[in-house]
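# Secondary and tertiary structure notes
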Amino acid sequence: PPLVRMLRERPSDVADVLLRRAPTRRPVAVWTASMKSALSTTLANEVRRIRGAEAAGQWPPWSPHDVLAREGFRYQYPELADEVLVDGVYIKLLLDAGGAELDLGSRTLGAFVHVLQASIESSKRVMQHLRRGGGGGLQRLQTELGIKQRTMDYITRRHPGMRWSASIEPEDGGEDGTAA
């Protein structure tokens, strides 16, 4: 998640976000009072598990995979459940920022556009596969694809030099991969 990336790149920025009293809702960092409370509860539970494992003589007493393997940031924090994450950027928040400067953190615009385009193409491939196989999750994927494409359109309007080409055409001819 974005805060983990920020922690690797600029630890002091993470401390600033986590310690700030006011909520933060930026494309590269979301942190609210309820998220802080959820993290405190999770950490307290993990400390209890570690102490119990130590008391029982288990080694190692703790595995970070117990917490991280669940893609927990999406499910642990309801504020993030509907966000679309591309390269550590919550792109719905990027769109919501409107006229403000693009907040991409340490990413260059060119690198972000490249990853966003790859994400769009990947989503289109998955949609084609789901349509052929009748898999579930198509509606959510269509919604995410639409947000990704609107984000790309928004960026290319603001930065005309950042043109992109959709190399995978939807099977049904719809611009966003949905039925026309």
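Residues numbered from 1 in each chain as written. Predicted model: local features only at pLDDT ≥ 70, side-chain atom pairs only at ≥ 80, totals over all residues. Heavy atoms only, no water.

## Considering the overall build of the protein
Along its length, the protein carries eight helices and four strands. Listing the helices and strands of the protein from first to last along the sequence gives α-α-β-β-α-α-α-β-β-α-α-α. Evaluated residue by residue, the protein yields a buried proportion of 37% over its 180 residues. Considering only residue pairs separated by 6 or more positions, the protein has 61% of its internal contacts joining residues 24 or more positions apart. Accessible area for the protein stands at about 10600 Å²; split by element, carbon and sulfur atoms hold 56% of it. (Helix = DSSP H or I, 4+ residues; strand = E, 2+ residues; numbered from the N terminus. Buried < 20%, exposed > 50% of the residue type's maximum accessible area, 1.4 Å probe, protein only. Contact = heavy atoms within 4.5 Å. Areas by Shrake-Rupley, 256 points an atom, 1.4 Å probe, with all protein chains shown as cover.)

## Thoughts on helix α3 (residues 33–55)
Compared with the 33 Å implied by 1.5 Å per residue over 23 residues, the 33 Å span of α3 between its first and last C-alpha is a close match. Along α3, the residues classified as buried are M35, T42, E46 and A53. Once α3 finishes, G57 follows within two positions and takes phi at roughly 80°, a positive value. (Expected span 1.5 Å × (residues − 1).)

## Brief notes about helix α1 (residues 2–9)
Restricting attention to buried positions, one finds in α1 the residues P2, L3, R5 and M6. Buried residues of α1, viewed axially, fall in a sector of 155°; they line one side. For α1, the secondary structure elements touched by its buried residues are α2 (11–19), β2 (29–31), β3 (85–86) and β4 (89–90). (Arc of directions from axis to C-beta.)

## Some thoughts on the packing of α1 against α2
In contact at an axis separation of 5 Å, α1 and α2 are set at 135° when each is read in the N-to-C sense. In terms of orientation, α1 lies oblique with respect to α2. Residues L3, M6, L7 and E9 of α1 touch α2, and the partners they reach there are P11, D13, V14, V17 and L18. For the contact of α1 with α2, the class distribution of residues is seven nonpolar, no polar and two charged. (Axes fitted to C-alpha atoms, helices over the stretch in contact; angles between N-to-C directions. Parallel < 35°, antiparallel > 145°, perpendicular 65-115°, else oblique. Nonpolar A, V, L, I, M, F, W, Y, C, P; charged D, E, K, R; others polar.)

## Focus on the pattern of salt bridges
Under the definition given, this model contains six salt bridges. With a closest N to O distance of 3.7 Å, D87 and R107 form a salt bridge. Of the two residues, D87 sits in the loop between β3 and β4 while R107 sits in the loop between α6 (91–96) and α7 (109–133), which places them 20 residues apart along the sequence. We classify R107 as buried; its relative accessible area is 11%. For the salt bridge of E144 with R140, the shortest nitrogen-to-oxygen distance reads 3.1 Å. (Salt bridge = Lys/Arg side-chain N within 4 Å of Asp/Glu carboxyl O.)

## Observations concerning the confidence of the model for the protein
On average, the protein scores 79 in pLDDT, and the residues at 70 or more come to 80%. This model gives residues 166–180 a pLDDT under 50, and the stretch forms 28 contacts once residues within four places in sequence are excluded. (pLDDT = per-residue confidence, 0-100.)

## Here we look at the environment of P23
Within the element layout of this structure, P23 appears in the loop between α2 and β1 (24–26). Assessed through its relative accessible area of 59%, P23 is described here as exposed. Residues P23 and M35, 12 residues apart in the sequence, show an inter-C-alpha distance of 9.6 Å.

## Some words on the nonpolar core
In terms of nonpolar packing, the biggest core is built from 33 residues, with I91, F112, L116 and I155 touching the most fellow members. Taken together, the elements giving at least two residues each to this core come down to α1, α2, β2, β4, α6, α7 and α8 (138–158). No other element matches α7, which puts seven residues into this core. Filtering out sequence-adjacent residues up to four positions away, F112 remains in contact with V86, D87, V89, I91, L94, L104, R107 and I155. (Core = buried A, V, L, I, M, F, W, Y, C linked by side-chain atoms within 4.5 Å.)

## Some thoughts on unusual backbone geometry
Positioned with a positive phi, D87 is a non-glycine residue whose angle comes to about 55°. Relative accessible area serves as the criterion here: at 25%, D87 is assigned to the partly exposed category.

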